[in-house]
Amino acid sequence: MPRRSRTLTGLLLSTALALTTAGIGGVVMTTGASADAPAATAHGTAAHTTAAHHAAATGMAGMPGMGVSTKASGDDPDGDGYIMADPPVTGVTPSTYDPPHRYFHEFQAKCAPNHTAPDDPIVFPGQPGKSHDHTFMGNTGTDANTTTASLDQGGTTCLAPGDKSAYWMPSLYNGDQKILPIGPQTIYYKSGVTDYTSVRPFPKGLRFVVGNPMQSLDDFKNLKGTVEGWECGTQYHNFDFPISCPATEDTQLNIRLQAPSCWDGIHLDTPDHQSHMAYPVASGSNQNTCPADHPVALPMIEFKMAWPVNGDMSKVRLASGTGHSFHYDFFNGWDAATLQALVTHCVNGGLQCDARGYDETNPSAGAALNDDYELP
């Protein structure tokens with residue numbers, strides 16, 4: 001596994017955590033280096049410096065309002081908050097190729113909720129009960145002690161047995177009653193860049209947090225991944241819970257939130273659980289490309305969640321607080337060959353696929369998986 005000098009990195013991280021604990025969004029002081037222009041050294045130390053500064057300056061270390069993590073993930077043996085990709089993906093230039101137009105380049109993961117717990121193996125690894133309550137989908141064994149290896153050993157409530165990823169979000173309540181989505185929920189895997197042929201599968205063990213439980217209503221409204229906020233019936237663009245929804249049997253509360261899809265190619269996680277990922281940037285001719293410091297195009301995850309609650313919404317809340325505190329976590333546990341087949345066939349192939357990797361509008365293209373959602 002690639003290693004790096006940790007002396008400066010550890011100092012920066014400990015300073016960032018100390019400032020965050022004290023509630024100070026200050027600048028990390030360094031010796032002989034600018035935090036905005038870290039010296040380029042071997043094995044990504046510059047990237048570590050930037051991420052540690054970001055964590056302190058934005059108050060993201062450990063996720064704000066939830067305390068600071070006191071333990072490291074089992075995937076982080078040196079405990080510095082950085083989990084390295086092995087091997088890293090280097091030498092990538094963001095693609096500006098404009099392939100033949102395809103309106104869709106996606107497939108669906110269909111994963112049902114299977115348990116709830118006040119655990120978060122990304123933000124609070126090894127610390128059961130420290131988080132607000134989460135609703136977990138996909139991997140059935142997800143808890144505070146989850147690691148990449150333990151995901152492989154778990155079961156899954158996703159239709160594709162090869163998807164042992166862990167997906168979770170703050171639990172939703174109506175008053176004191178916890179409300180869970182019913183049945184498999186839709187998690188889209190899309191291209192977030194114009195060159196959908198450049199998208200590659202997630203590396204095993206990649207993890208990140210989308211959004212922030214302490215974000216303001218304006219933060220949530222302007223988050224690059226926010227689609228239309230909370231929806232119910234014919235109501236859209238609610239960035240907090242609506243006061244009421246149509247009290248009809250088929251009306252549910254819905255939300256869609258898109259994840260960043262550009263990766264730095266180096267880290268599977270960083271101390272703020274976000275700096276290793278970035279949203280695509282818009283450029284001329286309606287192009288979306290990855291930024292130069294996050295050049296690797298990965299699938300863009302989009303949560304599309306629905307809760308069976310309607311009518312009077314005055315007592316609806318999230319375990320994390322208001323409606324605009326919505327966020328979610330992803331921890332990749334896909335079987336590599338299964339994910340590769342779906343990305344190649346559906347995303348790179350410009351298709352609109354279901355959970356089998358089948359596009360009913362292009363039946364001649366076939367499916368990536370068989371009737372049991374497995375590789376043929």
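Rules behind the numbers
Residues numbered from 1 in each chain as written. Predicted model: local features only at pLDDT ≥ 70, side-chain atom pairs only at ≥ 80, totals over all residues. Heavy atoms only, no water. Helix = DSSP H or I, 4+ residues; strand = E, 2+ residues; numbered from the N terminus. Buried < 20%, exposed > 50% of the residue type's maximum accessible area, 1.4 Å probe, protein only. Contact = heavy atoms within 4.5 Å. Areas by Shrake-Rupley, 256 points an atom, 1.4 Å probe, with all protein chains shown as cover. Phe/Tyr/Trp six-rings, centres within 6.5 Å; stacked < 30°, edge-to-face > 60°. Core = buried A, V, L, I, M, F, W, Y, C linked by side-chain atoms within 4.5 Å. Pairing = 2+ DSSP bridges. Axes fitted to C-alpha atoms, helices over the stretch in contact; angles between N-to-C directions. Expected span 1.5 Å × (residues − 1). Salt bridge = Lys/Arg side-chain N within 4 Å of Asp/Glu carboxyl O.

Q: Just give me the short version of the overall build of the chain, but keep the residues and values in it.
A: Looking only at helices and strands, one finds 5 helices and 23 strands in the chain. Here the chain, with 376 residues, has 55% of them falling under the buried criterion. Long-range pairs, those at least 24 residues apart, make up 74% of the contacts in the chain with a sequence separation of at least 6. Of the roughly 15,400 Å² that the chain leaves accessible, carbon and sulfur atoms contribute 52%.

Q: Could you give an account of the packing of aromatic side chains, with specific residues and numbers?
A: Applying the stated criterion across every chain, the model contains 18 aromatic pairs. Considering the side-chain rings of F107 and Y189, the 4.8 Å spacing of their centres and the 20° angle between planes classify their relative orientation as stacked. Placement of the pair is F107 in strand β2 (residues 106–111) and Y189 in strand β8 (residues 185–190), with a sequence separation of 82 residues. A residue is classified by how much of its surface remains accessible, and F107, at 0% relative accessible area, is buried. A residue is classified by how much of its surface remains accessible, and Y189, at 0% relative accessible area, is buried. Taking the centre distance of 6.2 Å and the plane angle of 90° together, the rings of W307 and F326 count as edge-to-face. With a gap of 19 residues between them, W307 in strand β20 (residues 300–307) and F326 in the loop between β22 (316–318) and β23 (328–331) connect regions that are remote in the sequence. Looking at W307, the relative accessible area reads 1%, which means it is buried. Using a relative accessible area of 0% as the deciding quantity, one classes F326 as buried.

Q: Break down the nonpolar core for me, citing the residues and quoting the values.
A: Counting 61 residues, the largest nonpolar core has F107, Y167, I187, Y189 and W307 as the members making the most contacts within it. Element by element, the count of residues in this core is highest for helix α5 (residues 336–347), at 5 residues. With 10 residues, the next largest nonpolar core counts A117, V123, L151 and F331 among its residues.

Q: Give me the lowdown on the pairing of β8, citing residues and values where you can.
A: Among the 6 residues in β8, 6 count as buried, and that is most of the element. Across the two faces of β8 the burial is the same, with Q185, I187 and Y189 and T186, Y188 and K190 all buried. Across 5 bridges, the pairing between β8 and β20 is antiparallel. Across the sheet, the residue bridging to I187 is F303, located in β20.

Q: Explain the sheet that holds strand β9 (residues 207–210) to me, using residue names and the numbers behind them.
A: Strand order across the open sheet formed by 5 strands is β3-β4-β5-β23-β9, with antiparallel pairing between neighbours. Strands with a single pairing partner mark the edges of an open sheet, and in this sheet they are β3 (113–117) and β9. Across this sheet, the average inter-strand angle for adjacent strands is 20°, counted without regard to direction. Relative to strand β5 (residues 166–170), strand β4 (residues 134–138) is paired through 5 bridges, and the arrangement is antiparallel. Looking at β5, one finds that H134 is bridged to P170.

Q: So, α5: which residues are in play, and what are the values?
A: If you check α5, its first and last C-alpha atoms are 15 Å apart, about what 12 residues at 1.5 Å a residue would give, namely 16 Å. All of the buried residues along α5 are T338, L339, L342, V343, H345, C346 and V347. Residues of α5 that are buried in the fold lie against β2 and β8.

Q: With reference to specific residues and values, describe the pattern of salt bridges.
A: One pass over the full model with this rule turns up 8 salt bridges. Its salt-bridge partner being D133, residue K178 comes within 3.0 Å of it at the nearest N-O pair. You can see K178 sitting in strand β7 (residues 177–179) and its partner D133 sitting in the loop between β3 and β4, a full 45 residues away along the chain. Residue K178 is classed as partly exposed on the basis of its relative accessible area, which comes to 30%. According to the relative accessible area criterion, D133 is buried, its value standing at 13%. A salt bridge links E228 to R256; the nearest nitrogen and oxygen atoms lie 3.2 Å apart. Of this pair, E228 sits in strand β10 (residues 226–232) while R256 sits in strand β13 (residues 253–258), placing them 28 residues apart in sequence. By relative accessible area, E228 is classed as partly exposed at 22%.

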